[in-house]
Every structure is written in structure tokens, then in C-alpha cells.
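# Fold and geometry: a report
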Amino acid sequence: MSYVTHLECAACAKHYAAGELHNLCECGGPLLVRYDLGAVKRSWPRDAVSDGPSSMWRYAPILPVRDRSHIVSLGEGMTPLVHARRLGKQLGADQVWVKDEGINPTGSFKARGLSCAISMGCELGVRKFAIPSAGNAASAMAAYAAAAGLEAHIFMPRDVPQSNYIECKAFGAHVTLVEGLISDCGKMVAARKDAEGWFDVSTLKEPYRIEGKKTMGLEVAEQFGWELPDAIFYPAGGGVGMIGMWKAFGEMEALGWIGPKRPKMICVQAAGCAPIVKAFEEGKPRSEFWDNASTVASGLRVPKALGDFLVLNAVRESGGTAVAVSDADMLDAGVELATLEGMFAAPEGAACVAALKKLLRDGFLKPSDRVVLYNTGSGLKYLEAYSVRFPRAAAGEQDKLGGLITPR
Ligand SMILES: *Cc1c(COP(=O)(O)O)cnc(C)c1O
């Protein structure tokens, strides 16, 4: 069912065999899955895509799982692409669209990557998975491991959103809360994985999460009738979604499904953790470790991304740019999007709204451009962050805030 030929290092182009477990290349670069796209082109026309299931697995011929029985799916993908007319009107742009990834299982687009990675783990005989996570990747891994009946070992910062901690516990994962950031969690997994027999599913340290996330790029093309938009706003932590979409565009062109035109890829980060924005502005090929990373957008709290050079390449090759947004602007934009469109976005997704405003204001984008904002998660996962905007009075004090009066 799959057309995988081999794995290839994104840094040094060394090949590795498919069908066996790999983490990084020996040079330290991330591995990408390669397919026999000529064979796919001959046997799977674009029009056949809609015969597949209403999930990201409709693209199975260009996903890595060979035996369909290994797929672990909770219905991820084929998320709505919503025309945000009222927001657009407010901003003076009439082609603003939101791809709402908050609808996915576990409330974020991490479901796509982990559905693919856990499915491949099943195919290759993994029994125990380990992940360092800023929050949502942990929730997704815990859910898919639970669905597959396999062990999940999770390392995340002590101050992750409450939703992530509770989900992981409810899904029966082994959870370790770490005094530190995702980078510290990653060191703990690396130190223990060999002795414990864990397969490390850290961002970009295995080749399959990217394949799941690339389906965001396939879907946006399919949903626009096999045309790409003029710009894509993506909130980048590790940058996997951006790298995956960029890979998907290249594969679709090789299949003859789209032409050479690419959207401007806009990398959005938090002002309190913006290593890729800094590297972009300084014209550097890679980012540097960001000290004291801090933001309510937990998915963006990644001080150094392994695939930073791939994100920077995609942004530069596409004629895009990189924008940092403050936490206050994110929360305001999140409330604005919710009020105008009825969509409650994660602060990461809301950051794209704030970034769009900036790029319309400074003329980088035209009001007629068709833009897609990726809302990567549901606002419901970030109640602590949003409660700053909507404090509730203590019992008996509600009338002061103009709220309900408790019956006496
Ligand atoms: C993980 C995450 C991101 C960042 O994703 P990357 O692919 O690591 O760049 C953005 N938003 C949310 C809600 C996330 O959970």
C-alpha cells in the first residue's frame, strides 16, 4: 500500500533502509522518508484521493505505513478550512482562511504526527515509546499509545498546561514532570532510553511525525481544489509542520498535482522564545539556543529546534518571512478571533492572527492575498492562559464584576 523506497538524511543526504527502526542520521541530521513518486503518479491519480477515508489516511499511498492493519487512527486530519469573513472584514482583507486543527483528537495537530509515528512503531515492533514534550505532543502520544495498547513514557515541564498533564494521566501514560524546558526533558529521555528499551519519538529524531504533519499541506491543496494559497502562517516551535508542508508541496508537484507556485511561508514565534525569527533577521542558516524561553504558547517554547535550518530554508525559498508576537497580543488576537468567528484558538494559532495584522499593516501582504492561518490547537487546552483575560470573582464578589449574583 505504501511506495516508500528509503530514508534520506536532510543534512548530508545519506540513505538508510526503510522497514527498520532509525532515529537520527549518524551525522546528527533528521531523516526524511522518500517515495517512488513516479510509481505513485502512474497508479494513484489526484481524483482518487476523495475515495479514501475522511481522515489524513486518505493519503496512505504517500504515507509510510505498508500494512493497513498497523494504522492507529482516532480520526485525525481532514480538519475544516474556514473562510474567516468577519475577521477578514475587520482587517480589510477578504481572503483570510483558518485551518482549524483544534478539531483533531486531543485538541491539536500533534495528533497527525503521532498517529503516523505510533502506527510505524507498531509496524516495526516497538512496545515502549518515550517523548519529551512541551505539552500537546505528550497528550497525542499518550492517546495513540493507549489506543494501540502500548507503553508511553512522557517527560514534560512541570508548568505545562493542566490539560496536557491530566490527559496524559487519564490515557494511562507514565508521566515525569521536569523542572525545566523541553530541552531538559529531551536530555532525560536520551539518557535513559537505551537501558529502558524506549523508542525515542522526540521532534525530528524519528522520520514519521513529519509524514503525519505533511498531510496539513496535502489537505489545504485538496480543499482549495488543488491550488495553494498566497501565504501560510504557521506557529513554529520545532517547526515540524512547516517542514512537513514544504515536503508535501514538493511531492505534489512531482506527482503533477500542483505547479511550481508556492505560498509565502510565514514562521510565527513568541517574542519570549523566537530563535528562528532572530536567525531569519540576521540572515543565518541556523538558530542559536534561546535563553530563558518563556511564553503562554507552550507549543512555541522550544529554545532550539533540530530542524531550524529546514524551516529557514522553506521561509527563504518561498519569499516568506518570520514574525515574533508578544503573549499579550496573542491572547488579544485569540479573543478577537473567538468573538468574530466562533473559533476558540490556542495562543499559538492566535499568534498567526496577530502576525497577519502586522504583515497587512506594513504592506508585506496585499489585502487581496489568499492567506491560510493554521490554528494548531484548541483554546480549551489553555484555560490558565486565557483566564488572565476573564478572571472570575470569588464567591460573593461576583456582582462587583457585573457577573451573576449568587443566590443567598
Ligand atoms: C507543538 C505545537 C506547535 C509547534 O509545532 P511544531 O511543529 O513543533 O513547530 C504549535 N502549536 C501548538 C498548539 C502545538 O502544540
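Every value quoted in this text rests on a predicted model; they were computed, and no experiment measured them.

## Focus: helix H10 (residues 308-317)
An α-helical segment advances 3.6 residues per turn. Residues three or four places apart therefore align on the same side. Most of H10 is tucked away, with seven of its 10 residues classed as buried. If you follow the buried residues of H10, they end up packed against helix H8 (240-254), strand S11 (264-270), helix H9 (275-281) and strand S12 (321-325). Gly 319, located one to two residues past H10, shows a positive phi value of around 75°.

## Let's talk about the nonpolar core
Judged by nonpolar contacts, the single largest core of 91 residues is most densely connected at Leu 114, Met 141, Ile 154 and Phe 249. No other element matches H8, which puts eight residues into this core. Setting aside anything within four residues of it in sequence, one finds Met 141 in contact with Leu 114, Ile 118, Phe 129, Ala 130, Ile 131, Ala 152, His 153, Ile 154 and Val 201. Counting 38 residues, the second-largest nonpolar core is a separate cluster that includes Val 98, Ala 231, Ala 350 and Leu 373.

## Examining the pairing of strand S10 (residues 231-235)
Burial of S10 is extensive: five of the five residues sit out of reach of the surface. By the alternation rule, side chains of S10 split into Ala 231, Phe 233 and Pro 235 and Ile 232 and Tyr 234, which are all buried. In terms of strand pairing, S10 meets S11 through five bridges, oriented parallel. By the bridge assignment, Tyr 234 is partnered in S11 with Cys 267. As a crossover connection, the stretch from S10 through H8 into S11 is right-handed.

## Examining the pairing of strand S1 (residues 4-9)
Judged by how many residues are buried, S1 sits mostly within the fold: five of six residues are covered. Pairing between S1 and strand S2 (residues 15-17): three bridges, direction antiparallel. When the bridges of S2 are listed, Glu 8 appears paired with His 15. Where S1 hands over to S2, the hairpin turn is made up of five residues, of which Ala 13 adopts a positive phi near 70°.

The rules we used
The residue numbering used here restarts from 1 in each chain and proceeds along that chain's sequence as written. This being a predicted model, a pLDDT of at least 70 is required before a residue's local features are given, and a value of 80 or more before pairs of side-chain atoms are given or counted; all residues contribute to the totals for chains, interfaces and linings. The side-chain numbers reported here are obtained from all heavy atoms of the structure, hydrogens and water having been left aside. The rule is simple: take the accessible area with a 1.4 Å probe, protein chains only, and divide by the maximum for that residue type; under 20% is buried, over 50% is exposed, in between is partly exposed. The secondary structure listing takes helices from DSSP runs of H or I that are at least 4 residues long and strands from runs of E that are at least 2 residues long, numbered from the N terminus. Note on contacts: a residue pair qualifies if any of its non-hydrogen atoms lie within 4.5 Å across the two residues. Residues enter a nonpolar core if they are buried and are Ala, Val, Leu, Ile, Met, Phe, Trp, Tyr or Cys, with the set joined through side-chain atoms within 4.5 Å. Any two strands with at least two DSSP bridges between them are considered paired. Call a crossover right-handed when, viewed with both strands pointing away from you, the route from the first strand across the helix to the second goes clockwise.

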